[in-house]
Amino acid sequence: MAALGAAARALALQGRSGGLRACLPRPCWPHAPGRESHLWATALLSLRAALPVRGEPLRKKKKVDPRKEQAAKDRLKKKIKKLEKVSQELIPIEDFITPVKYLQEERQRPEPEVPFEVSERRTLLMKKWTLYKQQEAEAEQKKIRSMLEAQQEALRELRQESELLYQAAIRRDDSLFPFEKEGPTYTPATPGYQAPEGKYNDVTKVYVQVVHKR
Amino acid sequence: MAAPMRKMLHGTARSLECPWRLRTLCAAATAAPAAAATPGKSAASPNGGSPWRLLGALCLQRPPVISQPLSPLQVEMAELLEQIEVEKSRYSDHEIRALEEAQRLERKKADIYDSDDDDEKDILLVQDLEDTWEQKFLQFKPEPRVTEADKKNDQTSLHRKLDQNLVLLVKEKLGDQETWMLPYAEWQVGETLRGTAERALATLSQNSVEAKFLGNAPCGYYKFKFPQAFRTENSIGAKVFFFKALLQSGNLSQARKKNDHAWVSKEELGDYLKPKYLAQKTVAVFQFA
């Protein structure tokens, strides 16, 4: 590369000297061309020297490397363009997006003036509630623990009785799950109840998430 | 803690479960020759040498149909939460319409605008809409939460105490006494204990009841020893393993006579079962909410 640079500089010098020579009125051919040709020859020689000396490996690198680099750069650019164009669309949760019409000014309720006693009562009630919920959770956990303990004891006793029955008891029951059951309602179901006739149009938006291949 | 309880169990069981032993002994008397006939098993002991007889019992539960009533604290809290929610919310379309109509009515009363602002919306006021909705709601008569069976206190009916778990109890005649207990069956060779419980259900209901068994493992057990007179060399006592099942459909009323079975809630268990039987660890089996 340095040789090339030198050769290029030599050529450039040669060009300049050629220009100077052209301004001169008398044709001084004999020495100037000698000088030029010497420079040009050295330039050529240096070029020729440059190329063949590192010719073989350089040639290969030149052909393959730039191509590879160019291909890699192209791929990167394509990817960037793709990402910029279409970012992954996440399915929106419609419950969390407040419709714009409810953010308008006239929709706002006037600030309620909560007197001090009422706010005090509210805070005290919330404290009682937290305590109640804590007790409820503890009772539930205790219940579950005692049920599990009873089951473990029963299994232990069964093991003492017969190993075969024990193995049958601890086997997984595949028919149990998936287990579906309707929960309790506020009032019991009326037997023979006819629901009123009518149609409804289901306008729920169904989103499909597109997965981008990388 | 479990060990002394078990000792108490044995002590009390001996005196209390006497009638049970009589029945099981009859079964033993019939089973012994049958067991002796089965090849590959030690004579008169189907458990492969263990002195305990195995029984599979069924804890069939009817899950609650309606929700339980709220306690006063819960009612207060629900009201408070609703109030806070309303305070923090925005006006809905219905409320805005109501506000506009109120304004319009005021303007009318002030006699400024008379018929200039009479729009089509005047035909149906918000108040009218709300009245029609109220009327429609009152027309719908829901089923009462306290059913007839509750009032009559009919123990055999499934519609009693809709907000609680009910467990099936059967009255078995053991020797000279009749006791209430969970339905059970003696374990036979070649079936799992869960199969025993299922067989108990089938024989009891003659296949009219559908139940979902919750897993292969028992949820509790009860061990008792026979009184001295009834013990043989191979059976000191019996172990009952309870299996939990949820009732899905069907009822026993067709299969059994009246007063032979009962669906009882947790509080009423004490009336039916013997107090010592109730007070044991097996009560953990009945830990239903």
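Residues numbered from 1 in each chain as written. Chains lettered and ligands numbered in written order. Predicted model: local features only at pLDDT ≥ 70, side-chain atom pairs only at ≥ 80, totals over all residues. Heavy atoms only, no water.

**What about the side chain of arginine 122 of chain A?**
- With respect to the helices and strands, the residue arginine 122 of chain A is situated in helix H4 (residues 116-161).
- With residues up to four places along the chain from it excluded, the contact list for arginine 122 of chain A reads Val114 of chain A together with Leu80, Gln83, Ile84 and Glu87 of chain B. (Helix = DSSP H or I, 4+ residues; strand = E, 2+ residues; numbered from the N terminus. Contact = heavy atoms within 4.5 Å.)

**Notes on the packing of aromatic side chains**
- What the rule picks out here adds up to three aromatic pairs over all chains.
- The interplanar angle of 75° and the centroid separation of 5.8 Å between the aromatic rings of tyrosine 193 of chain A and phenylalanine 140 of chain B together place this pair among those described as edge-to-face. With tyrosine 193 of chain A in the segment after helix H5 (163-170) and phenylalanine 140 of chain B in the loop between helix H5 (126-139) and helix H6 (148-152), this residue pair bridges two chains.
- Given a relative accessible area of 41%, phenylalanine 140 of chain B falls into the partly exposed group.
- Over the face of the ring belonging to tyrosine 186 of chain A we find arginine 145 of chain B, whose NZ or CZ atom lies 4.4 Å from the ring centre.
- When the ring centre of tryptophan 52 of chain B is taken as reference, the NZ or CZ atom of lysine 223 of chain B above it lies at 5.2 Å. (Phe/Tyr/Trp six-rings, centres within 6.5 Å; stacked < 30°, edge-to-face > 60°. Buried < 20%, exposed > 50% of the residue type's maximum accessible area, 1.4 Å probe, protein only. Lys NZ or Arg CZ within 6 Å of the ring centre and 35° of its normal.)

**Looking at a negative patch on the surface**
Residue and element names in this part refer to chain B.
- Together, Glu76, Glu79, Glu82 and Glu85 make up a negatively charged patch on the protein surface.
- Relative to the helices and strands, glutamate 82 resides in helix H3 (residues 72-88).
- With a relative accessible area of 57%, glutamate 82 lands in the exposed category. (Patch = residues over 30% accessible without salt bridge, like charges linked within 9 Å, V, L, I, M, F, W, Y side chains within 5 Å. Areas by Shrake-Rupley, 256 points an atom, 1.4 Å probe, with all protein chains shown as cover. Salt bridge = Lys/Arg side-chain N within 4 Å of Asp/Glu carboxyl O. Lys, Arg positive; Asp, Glu negative; His and termini not counted. Charge placed at Lys NZ, Arg CZ, Asp CG, Glu CD.)

**Details of the nonpolar core**
- By size, the foremost hydrophobic cluster in this structure holds 27 residues, and its most contacted members are Leu60, Leu193, Phe213, Phe241 and Trp263 of chain B.
- Looking at this core, the elements with two or more residues in it are H4 and H5 of chain A together with strand E1 (52-62), strand E2 (166-174), helix H7 (193-205) and strand E7 (237-249) of chain B.
- If we ignore the near neighbours within four places in the chain, the residues touching phenylalanine 213 of chain B are Asp173 and Leu176 of chain A together with Leu58, Arg194, Ala197, Glu198, Leu201, Phe243, Lys244 and Ala245 of chain B.
- Ranked by size, the runner-up nonpolar core spans 21 residues in total, among them Val167, Leu182, Ala238 and Leu269 of chain B. (Core = buried A, V, L, I, M, F, W, Y, C linked by side-chain atoms within 4.5 Å.)

**Here's the deal with the UniProt feature "coiled-coil region" (unreviewed entry) in chain A**
- When the UniProt feature table is mapped onto this chain numbering, "coiled-coil region" (unreviewed entry) sits at residues 134-168 of chain A.
- Summarising residues 134-168 of chain A: 97% helix, 0% strand, and an end-to-end C-alpha distance of 39 Å. (UniProt positions renumbered as here; feature names shortened; annotations may be inferred.)

**Description of the pattern of salt bridges**
- If you walk through the whole model with that rule in mind, you get 15 salt bridges over all chains.
- Arginine 109 of chain A serves as the salt-bridge partner of glutamate 95 of chain B, at 2.9 Å between the closest nitrogen and oxygen. Residue glutamate 95 of chain B is found in helix H4 (residues 93-109), and its partner arginine 109 of chain A is found in the loop between helix H3 (55-85) and H4; the two belong to separate chains.
- By relative accessible area, which is 28% here, glutamate 95 of chain B ends up partly exposed.
- Of the residues examined, arginine 109 of chain A reaches a relative accessible area of 22% and is grouped as partly exposed.
- A salt bridge links glutamate 163 of chain A to arginine 159 of chain A, with the nearest nitrogen and oxygen atoms 3.2 Å apart.
- Residue glutamate 163 of chain A is classed as partly exposed on the basis of its relative accessible area of 38%.
- Ionic contacts of the salt-bridge type, sharing partners, join the residues Glu157 and Glu161 of chain A together with Lys223 and Lys239 of chain B into one network.

**Thoughts on a positive patch on the surface**
- A cluster of like positive charges, contributed by Lys73, Lys77, Lys78, Lys81 and Lys85 of chain A, occupies part of the molecular surface.
- Along the polypeptide, lysine 85 of chain A turns up in helix H3.

**Concerning unusual backbone geometry**
- The step from phenylalanine 177 of chain A to proline 178 of chain A runs through a cis peptide bond, and the omega angle for that step is 0°.
- Here the phi dihedral of lysine 161 of chain B falls at roughly 50°; this positive angle occurs in a residue that is not glycine.
- Mapped onto the secondary structure, lysine 161 of chain B falls in the loop between H6 and E2.

**Here's the deal with the side chain of glutamate 101 of chain B**
Residue and element names in this part refer to chain B.
- Note on placement: glutamate 101 falls in helix H4.
- For glutamate 101, a relative accessible area of 7% gives the class buried.
- Within the local environment of glutamate 101, its side chain forms a polar contact with the backbone nitrogen of valine 126, the two atoms lying 3.0 Å apart. (Polar contact = N/O pair within 3.5 Å; in protein donor to acceptor, adjacent residues only side chain to side chain.)

**Regarding the environment of isoleucine 91 of chain A**
All names here are of chain A.
- Considering the arrangement of structural elements, one finds isoleucine 91 in the loop between H3 and H4.
- The exposure class assigned to isoleucine 91 is partly exposed, which follows from its relative accessible area of 43%.
- Between the alpha carbons of isoleucine 91 and glutamine 209 there is a distance of 6.5 Å; along the sequence they are 118 residues apart.
- Apart from residues no more than four positions distant in its own chain, isoleucine 91 is found in contact with Tyr207 and Gln209.

**A closer look at H7 of chain B**
Residues and elements named next belong to chain B.
- For H7, which comprises 13 residues, the first-to-last C-alpha distance of 18 Å matches the rise-based estimate of 18 Å (1.5 Å per residue) to within 8%.
- The complete set of buried residues in H7 reads Leu193, Arg194, Gly195, Thr196, Ala197, Ala200, Leu201, Leu204 and Ser205.
- Following H7 by one or two positions, glutamine 206 has its phi on the positive side, about 55°. (Expected span 1.5 Å × (residues − 1).)

**Considerations on the interface of chain A and chain B**
- Taken together, the contact pairs 51 residues of chain A with 58 residues of chain B.
- Linking chain A with chain B are 21 residue pairs in polar contact (both at pLDDT 80 or more), by the criterion used here.
- Of all the secondary-structure elements, those providing two or more residues to the side of chain A that touches chain B are H4 and H5 of chain A.
- For the side of chain A that touches chain B, the per-class residue count stands at 25 nonpolar, nine polar and 17 charged. (Nonpolar A, V, L, I, M, F, W, Y, C, P; charged D, E, K, R; others polar.)

**Quick look at the pairing of E7 of chain B**
Residue and element names in this part refer to chain B.
- Counting buried positions over the 13 residues of E7 gives 11, a clear majority of the element.
- Bridge analysis of E1 against E7 gives 10 bridges, and the strand direction is parallel. Bridging across to E7, glycine 56 finds its partner in phenylalanine 241.
- Taken together, the four bridges between strand E5 (residues 210-213) and E7 define a ladder with antiparallel strand orientation. (Pairing = 2+ DSSP bridges.)

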